[in-house]
Structures are given as structure tokens and as C-alpha cells.
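# Close look at the chain arrangement
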Amino acid sequence: MIQTKSCLLRAITGLCAAFLASSAVHADVKLPGLFSDNMVLQKGTHVPVWGWADDGETVTVEFR
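Fair warning: this is a prediction, and the values are worked out from it, not measured in the lab.

### Quick notes on the overall build of the protein chain
Of regular secondary structure, the protein chain possesses one helix and zero strands. Out of the 64 residues belonging to the protein chain, those deemed buried represent 3%. When the accessible surface of the protein chain is summed, it comes to about 6400 Å², and 61% of that surface belongs to carbon and sulfur atoms.

### Examining unusual backbone geometry
Residue N38 is not a glycine yet carries a positive backbone phi of 65°. By the element assignment, N38 lies in the segment after helix 1 (2-24).

### Overview of the packing of aromatic side chains
Following the criterion strictly, the structure yields one aromatic pair and no others. On the numbers, 5.1 Å between centres and 70° between planes, the contact of F35 with W50 is edge-to-face. With a gap of 15 residues between them, F35 in the segment after helix 1 and W50 in the segment after helix 1 connect regions that are remote in the sequence.

Rules behind the numbers
Residues numbered from 1 in each chain as written. Predicted model: local features only at pLDDT ≥ 70, side-chain atom pairs only at ≥ 80, totals over all residues. Heavy atoms only, no water. Helix = DSSP H or I, 4+ residues; strand = E, 2+ residues; numbered from the N terminus. Buried < 20%, exposed > 50% of the residue type's maximum accessible area, 1.4 Å probe, protein only. Areas by Shrake-Rupley, 256 points an atom, 1.4 Å probe, with all protein chains shown as cover. Phe/Tyr/Trp six-rings, centres within 6.5 Å; stacked < 30°, edge-to-face > 60°.

What follows is the structure, encoded as C-alpha cells:
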């Protein structure tokens, strides 16, 4: 019983640490309102993507 509680406490602590670490790495990249979730793009065409980020920040755009 004590081992189960200890294991659960370690798991919760690990999840909290992962959440805090991921939120600290968050970049402040801004896109114009034209881009949104679930937007549809035509297959096989060139799609320019633009936005704003801090100088020197690396931004990667991926499509599924």
C-alpha cells in the first residue's frame, strides 16, 4: 500500500515537472487571423505562411 502511494506520488510529481518545463519553453509566435485550426488547403499548391516571432527564434511549419 505504501509503495503504491509512493509510486503514485512520483508519477504526479513527474507530470507536474513535465508540464512546468513545457510551459517554460513556450514561444510567443503570432500568426495572422487568416490561419486557423482545421483550415483547408489545396493539395499540390505553394502555400506561403507568415507571422511574427522574436528575432533569432527558429520557427518550423509542418502540415499533416
